[in-house]
Each structure stands twice: as structure tokens, then as C-alpha cells.
Amino acid sequence: AEANEESHPMQRIRLEFNSVTGPETRHELLLGFSDFTTDGYDYGYDAENTEASNNDLNLDLEGQHMNIQAYSEITSDKVVPLNFSSSGDNSFEIRVSEIENVEEDQVIYLRDNLTGTYFNLKEDTAYGFTSEQGIFNNRFEVVFQDEQQSLSTEESLVSQNFIHYQNNTNTLFAKKLNSDIGK
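Report follows, based on the coordinates.

**Here we look at the overall build of the protein**
Of the regular secondary structure elements, the protein holds two helices and 14 strands. Split into buried and exposed, the 183 residues of the protein put 37% on the buried side. In the protein, the proportion of contacts linking residues at least 24 apart, taken out of those at least 6 apart, comes to 64%.

**Here's the deal with the packing of aromatic side chains**
The full count for this structure, using the stated rule, is 15 aromatic pairs. An angle of 25° between the planes, with centres 6.0 Å apart, marks the rings of F84 and F136 as stacked. One end of the pair, F84, is in strand β6 (residues 79-86); the other, F136, is in the loop between β11 (134-135) and β12 (140-143), with 52 residues separating them in the sequence. F84 gets classed as buried once you look at its relative accessible area, which sits at 1%. Look at F136 and you get partly exposed, because its relative accessible area is 23%. One aromatic cluster in this structure is built from F17, F84, F92, F119, Y127, F129, F136 and F140.

**Here we look at the layout of surface pockets**
In this model, the largest pocket occupies a volume close to 230 Å³. Taken together, 17 residues make up the lining of the largest pocket; nearest its centre are S53, N54, H65, S85 and I135. Of all the secondary structure elements, the ones that give two or more residues to the lining of the largest pocket are β4 (56-61), β6 and β11. In terms of residue count, β6 provides more of the lining of the largest pocket than any other element does, four residues in total.

**Some thoughts on the pairing of β4**
Among the six residues in β4, five count as buried, and that is most of the element. Across four bridges, the pairing between β4 and β6 is antiparallel. Following the sheet pairing, L57 is matched in β6 by F84. As paired elements, β4 and strand β5 (residues 64-71) share three bridges and run antiparallel to each other. Bridging from a neighbouring strand, L61 pairs with Q64 of β5. Counting the residues in the hairpin turn of β4 and β5 gives two residues, including E62, whose phi is positive at 50°.

**Some thoughts on the nonpolar core**
Judged by nonpolar contacts, the single largest core of 28 residues is most densely connected at I13, L15, L31, L82, L110, F140 and V142. At the level of secondary structure, the elements contributing two or more residues to this core comprise β1 (11-21), β2 (26-33), β4, β5, β6, β7 (90-100), β10 (127-131) and β12. Dropping the residues within four chain positions of it, I13 is found in contact with L29, L30, L31, F33, I74, V96, E98, V102, I108 and F144.

**Notes on the pattern of salt bridges**
For side chains bearing opposite charge, pairing can occur when the charged atoms are close. Evaluation of the coordinates by the stated rule reveals ten salt bridges. R12 is the partner of E100 in a salt bridge, and the nearest nitrogen-oxygen pair spans 3.4 Å. One end of the pair, E100, is in strand β7; the other, R12, is in strand β1, with 88 residues separating them in the sequence. Measuring nitrogen to oxygen at the nearest pair gives 2.9 Å for the salt bridge that ties R14 to E98. Highlighted residues: R14 in strand β1 and E98 in strand β7, separated in sequence by 84 residues. You can call R14 partly exposed: its relative accessible area is 25%. Taken together, the salt bridges that share partners define one network made up of R14, E16, R26, E28, E93, R95 and E98.

**Regarding the environment of Q149**
Summarising the element assignment, Q149 is placed in helix α2 (residues 147-160). A sequence separation of 73 residues divides Q149 from S76, and the C-alpha atoms of the two residues are 8.9 Å apart.

**Observations concerning the pairing of strand β8 (residues 109-112)**
Of the two faces of β8, the one carrying Y109 and R111 and the one carrying L110 and D112 are both buried. Here β8 runs beside strand β9 (residues 117-120); their pairing, made up of four bridges, is antiparallel. In the strand pairing of β9, L110 is matched with F119. Linkage of β8 to β9, two consecutive antiparallel strands, is achieved through a turn of four residues, within which G116 is found at a positive phi near 75°. Inspection of the sheet shows β8 paired to β12 by four bridges, in the antiparallel sense. Within β12, the position partnered with R111 by the bridge is E141.

Definitions and limits used
Residues numbered from 1 in each chain as written. Predicted model: local features only at pLDDT ≥ 70, side-chain atom pairs only at ≥ 80, totals over all residues. Heavy atoms only, no water. Helix = DSSP H or I, 4+ residues; strand = E, 2+ residues; numbered from the N terminus. Buried < 20%, exposed > 50% of the residue type's maximum accessible area, 1.4 Å probe, protein only. Contact = heavy atoms within 4.5 Å. Phe/Tyr/Trp six-rings, centres within 6.5 Å; stacked < 30°, edge-to-face > 60°. 1 Å grid on protein atoms, 1.4 Å probe; cavity = no way out; pocket = protein on both sides within 12 Å on 5 of 7 lines; lining within 4 Å. Points joined across faces, edges and corners; volume = space filled by probe spheres on them. Pairing = 2+ DSSP bridges. Core = buried A, V, L, I, M, F, W, Y, C linked by side-chain atoms within 4.5 Å. Salt bridge = Lys/Arg side-chain N within 4 Å of Asp/Glu carboxyl O.

These values are about where atoms sit, not about what they do.
Here it is in C-alpha cells:
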């Protein structure tokens, strides 16, 4: 495994979460990607956030709040979910403070599912946003393709398979399938 780690060093993305208004908050998250770690729990690589705060941004691992999380390699369809909470009507910033061993042409976006925004995290600026009080664990994701790419992926998935089942005749209709139907 050691040779593997040398030939394919872990790709690291360090995220910084800061409050602009509201209680002072600063939190760093470290995301690691490699071919020797998984999207699940990796002993020795993953660290849980033990200091809970009402204003926070964490990496989500099966409902746990993580500060450091290793994943399998970066692929264009990988989605890294973030857990976010706000203690009131506050404003925040999310930025990338460090990128290590990641290909020059690899895109890294913050997707804000509330506003539909794709923010390029490689642009050396912060994504500023406001939030009301609450826990918003489905709002933010780190993604590795932009909006155009992800839309075209979704469209091609939709257009490829047409299957419907007719109950009264117990018939399954399928067209444009990528694989054969056995039964």
C-alpha cells in the first residue's frame, strides 16, 4: 500500500467556512481523495467533529459530522454532501484554502441546492450566502462537474431508458436500453 500512496498521492481539498455576520465562526474541513480510501469510514483518515456548534459546516458521513473525510478517487459524478447549520439570520462564506495533488483541469464546484448556484471553488474567491436559523443538511454539496455537464448527464440518463409496465396485460415495454433484458 505504501508504494501505492507514493505513486498516487492523496488529493486534498481544504475548505474554509467563516461567518460574516452572526456569532464568530471559523471551521476548516479537509477532503481527501485516493484509490486507497473509500467513501465510507476509513480508519486513520477520517475524523469526526466533536465540537458541535450552532453555526457549522461539516462533511457528512452516514449522518455523522466529520472534519476530515477521505473518499475514493475524484470522478465527475462524485458528490460530497455537506451538513450546514445556522443559529439565526447570519451570513457566511465558503472558500477553498488549499488544493493539493489535484489535476489542473479538474473542476471543483460548490453546489447550493437552495439557490441552484454552481460556484467555482477554484477561482480563489469565497462563496458568500445568507441563511435563516436551522439545520440545512441538503443545501450544499461539493461536485466535480459544472451545471452544464450535470444537466447533460441527467438528460442523457433520462433519454436512454424508456420502460413502462402495463398491468392489465402484464407486459413490460422497453426501448433504447443499453443492456439486453433477460426475462
